[in-house]
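Structural overview for review
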Amino acid sequence: MAAAASLGAANTAVLKEVKIEIGSFDGLRSWNPVGLSRRRVNFYPVSSSTSRPNSLIKAVSTPVKPETETKRSKVEIIKEHSNFIRYPLNEELLTDAPNINESAVQLIKFHGSYQQYNREERGGRSYSFMLRTKNPCGKVPNKLYLTMDDLADQFGIGTLRLTTRQTFQLHGVLKKNLKTVMSSIVESMGSTLGACGDLNRNVLAPAAPFARKDYQFAQQTADNIAALLTPQSGFYYDMWVDGEKIMSAEPPEVVKARNDNSHGTNFPDSPEPIYGTQFLPRKFKIAVTVPTDNSVDLLTNDIGVVVVTDADGEPQGFNLYVGGGMGRTHRLETTFPRLAEPLGYVPKEDILYAVKAIVVTQRENGRRDDRKYSRMKYLISEWGIEKFRSVVEQYYGRKFEPSRELPEWEFKSYLGWHEQGDGGLFCGLHVDSGRIGGKMKATLREIIEKYNLDVRLTPNQNIILCGIRKAWKHPITTALAQAGLLQPKYVDPLNLTAMACPAFPLCPLAITEAERGIPDILKRVRAVFEKVGLKYNESVVIRATGCPNGCARPYMAELGFVGDGPNSYQIWLGGTPNQTSLARTFMNKVKIHDLEKVLEPLFYYWKRKRQSKESFGDFTNRVGFEMLQEWVDKWDGVVATRPTYNLRLFADKDTYEKMDELAKLQNKTAHQLAMEVIRNYAATQQNEKGE
């Protein structure tokens, strides 16, 4: 972080007066750089103390695009002719067909939905739709949770899925039921607007409901950024609730920042003042957090926003990071995952203007000819951070200050019971792969409904029950345990940090399994741990995706599995437990049945050659891939040692069957779960004796 501060300090030199030619911009509708008029604009030094209304930089657009860049992708044409994301989706929804056409498929993403079909069915396609909600900070009011629970049963496949961006996904909705489901969500204080599509997605923030100034300020900032970048043209409400906008009043600072055009950021008199007719070149992701708390995978976002406080904990401003992104394409080296890098610091009253300036820079300069290269990370990689910062400053209207130095990052899951700081408690619950169904779903509903609880969704696919009175702790704990929602000390440490995307059978991009495959992968990793002598409480961050798009952020994992063929994965190594290092490709085309041949030597030598408290990711980076590959190539196997004791854990069949039923909810054997309970009980008794 000190390096980040010095990087920012190197860019504080005041601009000397220069003269450059800039094209005045009158909308993306024609996308014709040749037709842009030119005028001369002077840039003058700007003091960091200059107030916003008097800022001297008056840039109205970024530099003129090269006149040869006239090609646009098919999606850009669809957006241009859609009447702000309406046509032909509005007509397709009225037909009797179970599906919609290609143009409508692109547009419905902006409304928060993807068309899908079951890829395992033969003899035809059964179309359905996946809906994704938009929940800034992962906030879910009580009424919305109960509505989503009902909709999953009435119109979905009976399960809810928690995503890596703090939202719900509802699978299996038929076209004829879309309007009913959408309107129900809107009327229950929810939305799916912008959960997909070429615009700002859900804004992440720490889910923990702490009554602390910094956390509450981060969450309020995430809410404001989400509101600032929400589409304004009304297409969503026209389609699903007959034009009735069911929205709470926006903070005046959000309205002011959106309408401000003093630096040429807006399309004047447009229904979409920030997005215009074309919206953004590709999806755009933002996360807000506080120092040390990297529960949001900050550096994987297009924009990372970090609250900076004074010695008394009072928020003063924000460090900004730009250019993160996970998606890539197999065997195309020009596509890659990338970490965000420091842009600079802004005072707290300027954050909406700075974010808007970054978004507009991407809007004007991100590639629109090839969607593989349309994310902002490719623009920054092409330009370099210095040029990118300079262009953003033209839209922002002032220079960025040097980044403030921050402490080291930590991953925080907020599982288990915690004090909120306002007299109440919250309880974080681990949900394997974010899939809520069966008895777990029924019990969660019962608790949330009975105690009138609001919830928060985390970026790690988990759920937090908020505002719990201390008197409720015992009955809630008992009910959760009976449904398999155990306290984190009873869950395998490997499962606690693991993530997977849905993949098969519904995702059209999936190459192999992820969500359905990771339970077995985790069991096999645990078995390898035991075989090579690693302790039960040791863990590595494991993430799996069914394709290279990286929805579960495998490129930040210590051990990442990325689908690259039927029952085949790329193995990625080198991420760190606090999610601040990018993993790299270690091996390609590893068949699922050959995993132990790779994992055994890696974990065996980690056990024997690591430095004190060295994580697996740090170990692989220090040793180097060449040595790791040599160990894998020469591996002859390790002789498994027999257990010293052969314990008979179950004295009767009834006890075994009850334990087995509970264990299956956690993808474990009855023996594994029983051993966990015994270990924890023994540890508790030992601690009590020590006291």
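Residues numbered from 1 in each chain as written. Predicted model: local features only at pLDDT ≥ 70, side-chain atom pairs only at ≥ 80, totals over all residues. Heavy atoms only, no water.

**Focus: the side chain of Thr164**
Using the following cut-off: Each helix is a run of DSSP H or I of at least 4 residues and each strand a run of E of at least 2, with the numbering of both proceeding from the N terminus. We define a polar contact as two N or O atoms separated by no more than 3.5 Å, with the added condition that, inside protein, one atom must be a possible hydrogen donor and the other a possible acceptor, whereas residues neighbouring each other in sequence contribute only through side-chain atom pairs. Here, two residues are considered to be in contact whenever any of their heavy atoms come within 4.5 Å of each other.
If you trace the backbone, Thr164 turns up in the loop between strand E6 (160-162) and strand E7 (168-173). In terms of polar contacts, Thr164 uses its side chain to reach the backbone carbonyl oxygen of Cys551, at 3.0 Å. Sequence-distant contacts of Thr164, defined by excluding residues within four places in its chain, comprise Leu204, Pro459, Gln461, Met499, Cys551, Ala552 and Arg553.

**Some remarks on helix H6 (residues 178-187)**
The following threshold applies: Relative accessibility under 20% of the residue-type maximum defines a buried residue, over 50% an exposed one, and the middle range a partly exposed one, all with a 1.4 Å probe and only protein chains included.
In terms of residue burial, H6 counts as a mostly covered element, since seven of its 10 residues are buried. Looking at H6, one finds that the buried residues are Leu178, Val181, Met182, Ser183, Ser184, Ile185 and Val186. Check the buried side of H6 and you find it contacts helix H4 (102-108), strand E3 (113-117), strand E4 (127-132), helix H5 (142-154), E7 and helix H8 (235-240). Met189 sits one or two residues past H6 and shows a positive phi near 75 degrees.

**Comments concerning helix H19 (residues 625-633)**
Under the convention used in this document: Throughout, the arc means that of the directions going from the helix axis to the C-beta atoms.
Within the sequence span of H19, burial applies to Phe625, Leu628, Trp631 and Val632. The buried residues of H19 occupy an angular sector of 120 degrees when the element is viewed end-on, so they sit on one face. The outward face of H19, more than 90 degrees from its buried face, is lined by the exposed residues Glu626 and Asp633. Those residues of H19 hidden inside the fold are in contact with strand E20 (568-573), strand E21 (584-591), helix H17 (595-609) and helix H18 (616-623).

**Focus: unusual backbone geometry**
Residue Pro88 is bonded to the preceding Tyr87 through a cis peptide linkage, with omega at 5 degrees. Mapping Pro88 onto the fold places it in the loop between helix H2 (74-80) and helix H3 (89-92). Positive phi, close to 75 degrees, is recorded for Met189, a residue that is not glycine. Examined against the element boundaries, Met189 turns out to sit in the loop between H6 and helix H7 (213-228). Even without a glycine there, the phi angle at Asn567 is positive, about 55 degrees. Structurally, Asn567 is set in the loop between strand E19 (559-565) and E20.

**Remarks on the state of the cysteines**
Spelled out, the test is: Throughout, disulfides are identified as pairs of cysteine sulfur atoms within 2.5 Å of each other.
For the coordinates displayed, the defined rule picks out zero disulfides. Free cysteine: Cys501, not disulfide-bonded; nearest cysteine sulfur from Cys551 at 6.0 Å. Residue Cys501 is classed as buried on the basis of its relative accessible area, which comes to 11%.

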